[in-house]
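Read off the chains here:
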There are 2 protein chains.
Amino acid sequence: MSLTRTHTCGALTESDAGEKVTLNGWVAVRRDLGGVIFIDLRDRYGVTQIVFDQENETLHKKAEQLRTEYVIGVKGIVRKRGEENINPEMKTGTIEVVAHELEIYSEAETTPFEIKDGIETNEDTRLKYRYLDLRRPKIQQNLMMRSDFNQSVRAYFYDHDFTEVETPFLMKSTPEGARDYLVPSRVNAGKFFALPQSPQTYKQLLMVSGFDRYFQIVKCFRDEDLRADRQPEFTQIDVEMSFVNEDDVLDMTEGLMKKIMHDVKGIDIDIPFARMTYDEALQTYGTDKPDTRFGLPIVNFSEIVEESEFKIFSRTVADGGAVLGIKVPGQGDMGRGAIDRLTERVQRETGAAGLIYIKLNEQDGIKCSVEKFLKEETVTAMVEKAEAEQGDLVLILAGPDPQVYKQMGTLRLMMGEEHDLIDQSTYNFLWVTDFPLVEWDSDEHRYHALHHPFTAPKPEDVEKMDDDPAEVRSRAYDLVLNGYEIGGGSIRINQREQQKQMFDLLGIDSEEAQERFGFLLDAFKYGVPPHGGIALGVDRIVMILAGGTSLRDVIAFPKNKNAQSTMDGSPAEVDKEQLDELHIRLKNTLTNN
Amino acid sequence: MSLTRTHTCGALTESDAGEKVTLNGWVAVRRDLGGVIFIDLRDRYGVTQIVFDQENETLHKKAEQLRTEYVIGVKGIVRKRGEENINPEMKTGTIEVVAHELEIYSEAETTPFEIKDGIETNEDTRLKYRYLDLRRPKIQQNLMMRSDFNQSVRAYFYDHDFTEVETPFLMKSTPEGARDYLVPSRVNAGKFFALPQSPQTYKQLLMVSGFDRYFQIVKCFRDEDLRADRQPEFTQIDVEMSFVNEDDVLDMTEGLMKKIMHDVKGIDIDIPFARMTYDEALQTYGTDKPDTRFGLPIVNFSEIVEESEFKIFSRTVADGGAVLGIKVPGQGDMGRGAIDRLTERVQRETGAAGLIYIKLNEQDGIKCSVEKFLKEETVTAMVEKAEAEQGDLVLILAGPDPQVYKQMGTLRLMMGEEHDLIDQSTYNFLWVTDFPLVEWDSDEHRYHALHHPFTAPKPEDVEKMDDDPAEVRSRAYDLVLNGYEIGGGSIRINQREQQKQMFDLLGIDSEEAQERFGFLLDAFKYGVPPHGGIALGVDRIVMILAGGTSLRDVIAFPKNKNAQSTMDGSPAEVDKEQLDELHIRLKNTLTNN
């Protein structure tokens, strides 16, 4: 039985002086000063100082047993601290509680790391003892913010007449099946469910059913190849609306983000957000998720250099590639060593063949690293096109399209970070639109859907679907925040014939389409409203709002980079009996049965 | 592109007469009256009548193509209906919209069943075409109610300072492993995750972490043997609190239910709820989830008949069994045929050996079916104890304890339903407390936890844990509504030693305990607050509030009784390649590899 608390550890102030109170919490710090024992008692709400005087000998003896992370209950009287003892860092820093009763609920061994923010701890240890890591104030705040975030999202959608519908977790394996988590059925021998990579087909069926406006905050699953900062399970805000065009979905999403930023961060952001086409994003920032918190737009020098005698330039252009530059302000006097190191990094991280530069500084005037191969007027033309001035540096890459754009995009980000060009206090939202509907996969010799096979083509491009599919733009949109893709969606196909045409284009034949999506195609027989929606990544958005750089900072019990939980030891081997019940066995089991 | 609607189909009233409006929706009904075409246009919000006059010939021709379930957009002018055409059944029954523009978004084939409430449709067909079944107004209302229900729940917990935390879906297989859904890992060969049967260990860890008050509406999974009205995935309201006793959890839950009933049903219910011990519930109602909307308490005749010469009675009592009765008011003149049918049904549905009765009616006086074996005073004593009067029927079962209580509980429910003793408009909440901590499994020769292995024993019973465990009561509680168990929880063990003792009692040895729950036992080393919580079944509560009798009425995409989705055909066979990637194979695959 525990003492019923009257206050949390973050609640008491001077106005409570003289009150009898009961607090519960963890011993954060214990100090023994000339016989008086001071305890900093911690709970999720704050910290309160508890004093054990020497007068009550039994109580004082009991308090002497206390160690860090013991869980206790204390009854006592609130006392105003003397002027000299006030701690302005603590919410409760003007008072302390003089104990007259102490209950020890639970003792504690020494923790493997200190329960404090800003402690350097090995990531593996933190994950193994996640329940202790979660006692750190910063991560508690992150998770409480995430809780507020969820509530803000739901309040918004309820206010806008959306219905929250729970879609199934046990569903049919989908086209991108290779990344599906499968779930063997015990009662249906030899058959498998899949965990959803997204509730895409279900939310479309809900539109077919007439639910009109659907939302859900929902877990999704992807058994991805291991790479940093991916989690096998992730959370998304899933939204679908009927009788809408692109603008309706974008407006609704902007309103949502405005409310979230207000509720969670206390920031009023401007809407509507800027919009940029996919082509423009790629040509200006070398990526479809540009960080627009800083400039350094890409400048295209191809026309200037296409006739150049410098073969690396002219041949690149002749082969359909491009010569691109960015101007880095104030770096015109970068030294030889720094440029060499940068060149090496660019080669390593982007795969670019080399880095060419033009420096503009007082000592050298205009100095180009390949000036002996270039006419002076060519260099001048590039400087002019880049609008470079005294003191600036122009960095140049040449290579095939589209790789060179991506390389330049990476170089731009490097420069932004290295030279502190990014205002970390701003939140730059950007819509990217007009994505290609499909892209050619030269390995598999077939087209892939850039978003997914349910995305509608732009009406004006539909006629190109048969003859020139790579040129068809889709009705898809991505939402980008500070260079992270935080969401994406589209207006969907709502015609059975067009859906079939899309499957054809993707090389999914009728039989396969019927087997995999038969229920959706069937549903399309019975009256489908025009509809579209969006899915937003909760983990990533909360991570950005929490100012973190790792998804693990905003997930209570994350998996490590090997998709394992070192805390509970999952995934784990299971008994043969359990596999027998599920009608499966391990592939490398050699005995037949 | 769709026409941007100005109103939904449930919005227009007389005050909109003369307005130009745009509506979108489904053709619910199409009537052709002397050249004028009337359409009932349906969306989630209601139905509006659309009129196509003959004047606009092109438009009229287009309207002639319309069939049921076509999806259309209409522009037109709102017109007040003539007095004689007002439809008081429709929200929009005083107006109609005279169309001057029509857009057909999607045609529709004839649906396999009519989109209407109260249509008798084969359950399989309904589930196969779930997206059409979901168009029926009643089921749409159910799901919208469920959405409101969720929001009401969350608002309550946010108001009470709870933090919503998402716990993992990919976790370690738990002790009741046989019912776990397993998930093979692709990137960790030969290893498996399990889907949670409940987030029990995680919510306890959150208390260890100091989150203090946690809640979540969360999907859970159980691969149960097939039986009616179970779903492999179900949703629960999951709650855990630190520094609490039983009363704190019960109070918090009562406040929640009061708010839900108010928000969702507009009903003010009284709190606190009645409480009853497990023993009392079993002895009075023959079940630990009594429906208290009607009386018919069980009367124990054992003492009256223990000396009886009627061996069936006296021997039953001598063998430790019981002779039980219930009084059914007003059924004292039940005829021979009816009683025979009842006896047969009782035997079939409860396994009771036979049914004995005492009828009290004018014709026969007091008539007992076994009166020739009983003294008159014994019959009289039973009648008196049952407080039976002229016109009543007393039904008697004799048998071993506890089976006979359960049989009588079932018979009591039959009588309640058959004789309309249940007030269907009331909501009777009841707490059942003081459950046994463990029960003996005579097949497996070991104790099972009646709730789960983390439930704390009552402090006053702890000393019996070693010698008389079956007599130890736990700090568990169940919430019962109208005879359904809608939730359950407990104060948990928060001492490592006691947790080990519990595992010992359940026959889980140290090694197994460490392997399965090592992380929880480890966590218990570092300071654990007293804590407890509850889990409430969303599907079942919403089903009761919706007045339904099947969970499928309140789940958007349910599985059928064979744990299959006939709509998408899951679970399904998968490609060998997919199994290869997951390092598993089917058990009956004969070839080695």
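Residues numbered from 1 in each chain as written. Chains lettered and ligands numbered in written order. Predicted model: local features only at pLDDT ≥ 70, side-chain atom pairs only at ≥ 80, totals over all residues. Heavy atoms only, no water.

S.K.: Explain the overall build of chain A to me, please; I cannot follow it from the model alone.
M.R.: Each helix and strand counted, chain A has 16 helices and 23 strands in total. Once the C-alpha set of chain A is aligned to its principal axes, its extents read approximately 95 × 75 × 60 Å. Counting only residues that meet the buried cut, chain A has 59% of its 593 residues in that class. Contacts spanning at least 24 positions in sequence make up 67% of the contacts within chain A whose residues lie at least 6 apart. (Helix = DSSP H or I, 4+ residues; strand = E, 2+ residues; numbered from the N terminus. Buried < 20%, exposed > 50% of the residue type's maximum accessible area, 1.4 Å probe, protein only. Contact = heavy atoms within 4.5 Å.)

S.K.: Just checking my understanding: could you explain the domain arrangement of chain A for this structure?
M.R.: Interfaces are often sized by the amount of accessible area the parts lose when they come together. Domains assigned within chain A are domain 1 (14-106), domain 2 (140-164 + 198-276 + 430-558) and domain 3 (294-422). Each of domain 2 of chain A and domain 3 of chain A was reduced to a C-alpha centroid, and the two centroids are 36 Å apart. (Domains from an automatic or database assignment.)

S.K.: Explain the relation of the copies chain A and chain B to me, please; I cannot follow it from the model alone.
M.R.: Mapping one chain copy onto the other needs a rotation about an axis and a shift along that axis. Of the transformation superimposing chain A on chain B, the axial component is 0.0 Å and the angular component is 180°, with the fit at an RMSD of 0.1 Å. These values place the two chain copies in the arrangement generated by a two-fold rotation axis. The overlap is high: 100% of the interface residues of chain A also sit at the interface in chain B, so the same surface is used on both sides. (Least-squares fit on C-alpha atoms with pLDDT ≥ 70 in both.)

S.K.: In this structure, what is going on with the packing of helix H5 (residues 200-208) of chain A against helix H14 (residues 510-523) of chain A? I would like to understand it.
M.R.: Geometry of a packed helix pair, given as the angle between the helix axes and the separation of the axes. Residues and elements named next belong to chain A. Relative orientation of the contacting elements H5 and H14 amounts to 20°, with a least axis distance of 10 Å. Taken as axis vectors, H5 and H14 run roughly parallel relative to one another. Once H5 is placed against H14, the crossing between them reads as left-handed. Here Thr201, Gln204, Leu205 and Val208 of H5 come into contact with H14, specifically with Phe517, Phe519, Leu520 and Ala523. Residue classes in the contact of H5 with H14 are distributed as 6 nonpolar, 2 polar and no charged. (Axes fitted to C-alpha atoms, helices over the stretch in contact; angles between N-to-C directions. Parallel < 35°, antiparallel > 145°, perpendicular 65-115°, else oblique. Left-handed = near helix turned anticlockwise from the far one by under 90°. Nonpolar A, V, L, I, M, F, W, Y, C, P; charged D, E, K, R; others polar.)

S.K.: Can you walk me through the interface of chain A and chain B in this structure?
M.R.: Between chain A and chain B, the contact holds 129 residues from the first and 130 residues from the second. In total, chain A and chain B occlude about 11600 Å² of area from one another, counting both sides; carbon and sulfur atoms represent 55% of this. Ranking the residues of chain A by area buried against chain B places A:Phe243, A:Tyr526 and A:Lys587 at the top, with a combined share of 7%. Across the chain A-chain B interface, the total number found is 14 salt bridges. Note that A:Asp225 is salt-bridged to B:Arg186, the shortest N-O span being 3.1 Å. Linking chain A with chain B are 69 residue pairs in polar contact (both at pLDDT 80 or more). In terms of residue count, helix H4 (residues 137-159) of chain A provides more of the side of chain A that touches chain B than any other element does, 11 residues in total. Partitioning the side of chain A that touches chain B into residue classes produces 60 nonpolar, 34 polar and 35 charged. Note: strand S23 (residues 584-586) of chain A against strand S23 (residues 584-586) of chain B, 3 bridges, orientation antiparallel. (Buried area = accessible area lost by both parts, 1.4 Å probe. Salt bridge = Lys/Arg side-chain N within 4 Å of Asp/Glu carboxyl O. Polar contact = N/O pair within 3.5 Å; in protein donor to acceptor, adjacent residues only side chain to side chain. Pairing = 2+ DSSP bridges.)

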